[in-house]
Amino acid sequence: MNKQIFLLILVFFSACMSSFGQKIGYIDTEYITSKMPEYQKAQEDIEKLTTKWVKEISEKNEEVAKLEKAYRAEEVLLTEEMRQQRLRTITDKDKEVKELQNRVFGLNGELFKKKQEIMRPILDQIVKATEKIVKLKRLDFIFDKASDSLVMIYTNPTHDYTDYVMEELGISVEQLKEKEKEEQNNAKEEPAGNSKAKTNKKTN
């Protein structure tokens, strides 16, 4: 469905629900997961798996390249039968690499399945926390701002329940805000400190 059409449907749907006194809210799962230690660990695990598979495929490609190089160097010395045998070996090895690459990185491949497996417990936590907030705030509908299938040009902050879900997950919103404020202050002070250090260096 065209995103603009979908947005118009959503606006119309929201207006209809509001007229019946039903409450609609949204959360930002992308922001929530970025603050979850479990998500950081999951990303590291996925990164390790990806690196492992990339290395394995790279090594197999190098093996094929070595076979091809050796064949080209010895081709004039080989009999027709030996040449055909070498070419079959190279073709089989190359096919093996392509099959592995497709099996791992292809659509619904091993990496995709592993990502789903690793991320499932985290998404389940968010769903459970969201269900509690929906009941607590008596919401009729809640949307995910980060979803590709839902585009919101404007969002009213009064309907943002992201902080509530984060608190339900044990993530202190206040501590995060204080940390972000501290980092911003440090970033502002750092240039002044560097200037002072340069001045002292020139004086010396």
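Just above sits the structure.
Residues numbered from 1 in each chain as written. Predicted model: local features only at pLDDT ≥ 70, side-chain atom pairs only at ≥ 80, totals over all residues. Heavy atoms only, no water.

Draft legend 1. Looking closely at the nonpolar core. Grouped together as the largest cluster of nonpolar side chains are 16 residues, with contacts concentrated most on Ile 27, Ile 32, Met 36, Ile 122, Ile 126, Val 165 and Leu 169. Sorting the residues of this core by element identifies α5 (110–136) and α6 (162–168) as the ones contributing at least two each. Counting residues per element, this core draws most heavily on α5, which supplies 5 residues. If sequence neighbours within four positions are ignored, Ile 126 has contacts with Ile 27, Thr 29, Ile 32, Thr 33, Met 36, Val 165 and Leu 169. Val 64, Leu 78, Leu 100 and Val 104 belong to the second largest nonpolar core, which has 11 residues in total. (Core = buried A, V, L, I, M, F, W, Y, C linked by side-chain atoms within 4.5 Å. Buried < 20%, exposed > 50% of the residue type's maximum accessible area, 1.4 Å probe, protein only. Helix = DSSP H or I, 4+ residues; strand = E, 2+ residues; numbered from the N terminus. Contact = heavy atoms within 4.5 Å.)

Draft legend 2. Spotlight on the side chain of Thr 162. Within the secondary structure, Thr 162 sits in helix α6. Looking at Thr 162, its side chain comes within polar contact range of the main-chain nitrogen of Asp 28, at 3.0 Å. Separated by 2.6 Å, the side chains of Thr 162 and Asp 160 make a polar contact. Once you skip the residues sitting within four places of it in the chain, Thr 162 turns out to touch Tyr 26, Ile 27, Asp 28, Tyr 31 and Ile 32. (Polar contact = N/O pair within 3.5 Å; in protein donor to acceptor, adjacent residues only side chain to side chain.)

Draft legend 3. Structural view of the packing of helix α3 (residues 37–74) against α5. For the pair α3 and α5, the least separation of the axes is 10 Å and the interaxial angle reads 175 degrees. Judged on the interaxial angle alone, α5 and α3 are roughly antiparallel. Contact residues: Glu 38, Tyr 39, Ala 42, Asp 45, Ile 46, Leu 49, Thr 50 and Trp 53 in α3; Glu 110, Leu 111, Lys 114, Lys 115, Ile 118, Met 119, Ile 122 and Gln 125 in α5. Class assignment of the residues belonging to the contact of α3 with α5 gives a composition of 9 nonpolar, 2 polar and 5 charged. (Axes fitted to C-alpha atoms, helices over the stretch in contact; angles between N-to-C directions. Parallel < 35°, antiparallel > 145°, perpendicular 65-115°, else oblique. Nonpolar A, V, L, I, M, F, W, Y, C, P; charged D, E, K, R; others polar.)

Draft legend 4. Structural detail: the environment of Tyr 26. Here Tyr 26 is to be found in strand β1 (residues 24–27). Among the residues examined, Tyr 26 registers a relative accessible area of 6% and is labelled buried. Spatially, the C-alpha atom of Tyr 26 lies 6.3 Å from that of His 159, the residues being 133 residues apart in sequence.

Draft legend 5. Just α5, in detail. The first and last C-alpha atoms of α5 sit 39 Å apart over 27 residues, in line with the 39 Å expected at 1.5 Å per residue. Along α5, the sharpest kink reaches roughly 40 degrees, centred on Arg 120 and followed within four residues by the proline Pro 121. Those residues of α5 hidden inside the fold are in contact with β1, α2 (29–34), α3, α4 (80–105), β2 (141–144) and α6. Within two residues after α5, Arg 138 carries a phi angle of roughly 55 degrees, on the positive side. (Expected span 1.5 Å × (residues − 1). Bend = angle between axes of the 7 residues up to and from the residue.)

Draft legend 6. Spatial organisation of the pairing of β1. Where burial is concerned, the two faces of β1 agree: the one with Ile 24 and Tyr 26 and the one with Gly 25 and Ile 27 are both buried. With 4 bridges connecting them, β1 and β2 associate as parallel partners. Each bridged residue has a counterpart across the sheet, and for Gly 25 the counterpart in β2 is Ile 142. (Pairing = 2+ DSSP bridges.)

Draft legend 7. Structural view of the pattern of salt bridges. The final tally for this structure, using the stated rule, is 11 salt bridges. Of the charged contacts in the structure, one is a salt bridge between Arg 83 and Glu 80, with a shortest N-O distance of 2.7 Å. With Arg 83 and Glu 80 both in helix α4 and 3 residues apart, the pair spans about one turn of that helix. We note a salt bridge from Lys 114 to Glu 117, for which the minimum N-O separation is 3.8 Å. Of the two residues, Lys 114 and Glu 117 both sit in helix α5, 3 residues apart, roughly one turn of that helix. (Salt bridge = Lys/Arg side-chain N within 4 Å of Asp/Glu carboxyl O.)

Draft legend 8. Molecular detail of the side chain of Thr 130. In this structure, Thr 130 sits in helix α5. Here Thr 130 falls in the buried class, since its relative accessible area comes to 10%. In contact with Thr 130, other than residues within four places in its own chain, are Ile 27, Ile 142 and Val 165.

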